[in-house]
Structure formats: structure tokens, C-alpha cells
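Summary of structural features
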Amino acid sequence: MAVVLNDWYRHQREFDAMARDSSEVVLGAEADIYAEAMGLTAQFIDATANRDDFNSLTVKRMLGAATHSFNLLCSAWDSTLTGRYGAAASHQRSINETPDLLKGLYIEPAFAEQMTGTESDVKRARRIVRDAYALAGSPEAKTFISERQRHIKTLHPFSHLTFEAMGVALGIGVIGGQKVGVLRAGGAPARKSLLGLARILALDAVELTSFVVVVLGKEDVTAGPVPELFRKASTLIRDDLDQEEILTGEMERFLLVRSDEEPPHPDRMPEFAR
């Protein structure tokens with residue numbers, strides 16, 4: 001049966017293509033590093049089928065977690081390009097919990113049989129990692145869980161309908177010293193939001209690569225393409241991200257773009273203020 005698309009859906013598909021094109025023009029190193037990291041991760045996920053223990057429960061659990069996080073990164077990136085920043089941010093917590101689960105399974109393969117498929121698995125994985133640090137005499141044993149919980153806690157609001165989630169969902173910019181949020185049913189690209197989220201997702205992609213190389217590829221992370229990828233990510237992205245002004249609190253002004261209008265180019269926010 002042929003699918004008949006209504007006018008809104010047809011136009012939205014066209015508008016999404018426009019938004020992606022305009023967003024990709026703005027992005028530089030962020031897109032290159034994200035693409036390189038995702039390409040490497042995909043190669044190692046694909047190669048898992050060649051492992052002798054491919055049918056083991058532990059490998060299946062690791063492969064499932066890695067693939068899920070990879071697909072979330074794909075969706076988050078596309079949402080970022082189309083200006084649906086809230087959708088992109090809502091994946092952040094799961095993406096950031098994946099390394100904990102992968103490390104736990106790698107350190108203690110028997111953990112695969114103990115998993116319940118609930119949030120408690122991540123807590124158990126963190127305890128496994130902490131105990132491994134303690135056994136090795138690493139000072140990280142004392143702070144690992146608290147630091148991970150602190151980091152993940154900052155991402156939790158974006159998984160629910162909170163002011164933080166609704167705020168990040170906007171295309172955000174600064175016009176005349178005012179924080180301005182652009183609203184558009186279907187997404188509104190804006191440079192500040194685009195660059196901020198793209199940089200975060202690129203670093204998340206690099207982090208996933210580093211763990212997949214070890215737990216699925218069983219390779220030395222200090223050799224091969226990963227160290228160079230880390231160097232580029234740190235040099236080209238992390239410094240910019242650390243210096244990025246984070247817009248918090250209520251927006252001082254809102255701009256509404258109709259859903260049947262083309263999405264704005266990420267650099268065009270000032271034009272809507274006139």
C-alpha cells in the first residue's frame with residue numbers, strides 16, 4: 001500500500017533536509033571528529049562477528065550496549081543538525097552510562113549473567129569498576145562512583161519534561177545582550193546551540209570509540225588510530241567547549257517561527273529580532 005504523505009509531513013521532510021545542509025556548513029572540526037569516531041566504532045562493532053566467543057552472553061551484552069549507544073549518537077546528531085536540540089539532549093544520560101556498563105562487563109564477564117536489564121545494572125557496573133581500581137591500588141577507587149554520579153546527575157533533567165529540557169530544546173542565541181530562544185514546531189537551528197551540542201556529541205563519540213576498541217576489539221587503546229583521534233578531539237574541541245559560555249536560567253525573549261516557514265539558517269537569528 002502506498003503511503004500518502006500529508007502536506008505538513010512532506011514539507012517537514014524538505015525542511016529537515018534544508019536544516020541539515022545549513023547546520024553542516026557551520027560545523028567544522030566537530031563534524032569531522034564525530035564522523036571519524038563513529039566510523040571507527042562501526043568497524044569494531046562489525047568485526048565482533050569474527051570473535052571466537054561471539055555467542056557468549058558477555059559479548060552479546062557488550063555488543064548490545066555498544067550498538068544501542070551508537071544508534072543514540074546517530075539520532076542525537078541528526079536531531080542537532082535539524083535544530084531539535086531537546087531530542088538530542090534527551091539521549092545524553094544513556095550515552096554517558098554506556099562506558100560504565102562496558103567496563104563492568106569487560107572486567108567481570110560473569111556480570112552478564114547477573115544483569116537484570118534495569119537501571120541497577122549501571123550501579124553494579126560502577127561498583128565492579130571501583131573494586132578493580134581498589135585492587136590495583138588506584139586512588140580513583142575512592143572517587144569513581146561519586147564522580148560518575150555527579151556527572152550523570154547533571155544530565156538527568158534532560159531525560160524528563162523539565163525547565164532545563166525545555167530550555168535546551170530551543171535554538172538559543174544572544175541578541176543585544178539578551179538570551180533569546182527561537183521556537184519552531186519542527187526545529188530551529190541556531191549557531192550557539194548547534195556548536196555546543198555538536199561538540200559534546202563528538203566527544204561522546206570519541207569516548208565510545210575508546211571503549212569499543214578495547215572491550216569488543218580487544219586492542220591496545222594506546223596504539224592505532226585512537227590516540228590521534230583523542231589528540232584531535234582535545235585540541236580542536238575540548239578547549240572551545242570549556243570556554244563556551246553556557247546560557248542558564250530563563251530566556252529573556254522568545255522568537256516564534258511558523259512551522260510552515262523554512263527553518264532559519266543557524267546564523268540568521270539576528271534577522272528574526274528585527
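The notes below deal with the structure included here. This structure is a prediction, so every number in the text was calculated from the model and none was measured. (Residues numbered from 1 in each chain as written. Predicted model: local features only at pLDDT ≥ 70, side-chain atom pairs only at ≥ 80, totals over all residues. Heavy atoms only, no water.)

Right, let's get into the nonpolar core. The biggest cluster of nonpolar side chains holds 50 residues, and the ones touching the most others in it are L102 and L216. When residues of this core are traced back to their parent elements, those giving at least two are α2 (29–47), α3 (57–81), α4 (85–89), α5 (92–107), α6 (111–114), α7 (120–135), α10 (191–215) and α11 (226–243). With sequence-adjacent residues up to four places away left out, L216 is seen in contact with F44, I45, T48, R51, M62, L63, A66 and F211. Counting six residues, the second largest nonpolar core, distinct from the first, contains V180, V182, A188 and L255. (Core = buried A, V, L, I, M, F, W, Y, C linked by side-chain atoms within 4.5 Å. Buried < 20%, exposed > 50% of the residue type's maximum accessible area, 1.4 Å probe, protein only. Helix = DSSP H or I, 4+ residues; strand = E, 2+ residues; numbered from the N terminus. Contact = heavy atoms within 4.5 Å.)

Time to look at the pattern of salt bridges. With the rule as written, the count across this model stands at 16 salt bridges. Linking R93 and E119 is a salt bridge whose minimum nitrogen-to-oxygen distance equals 3.2 Å. Here E119 lies in the loop between α6 and α7 and R93 lies in helix α5, a separation of 26 residues in the sequence. As a salt-bridge pair, E228 and R231 come within 2.7 Å of each other at their nearest N and O atoms. Residue E228 and its partner R231 are both found in helix α11; the two are separated by three residues, about one turn of the helix. Its relative accessible area of 37% is what places E228 among the partly exposed residues. On the accessibility criterion, R231 (44% relative accessible area) is partly exposed. (Salt bridge = Lys/Arg side-chain N within 4 Å of Asp/Glu carboxyl O.)

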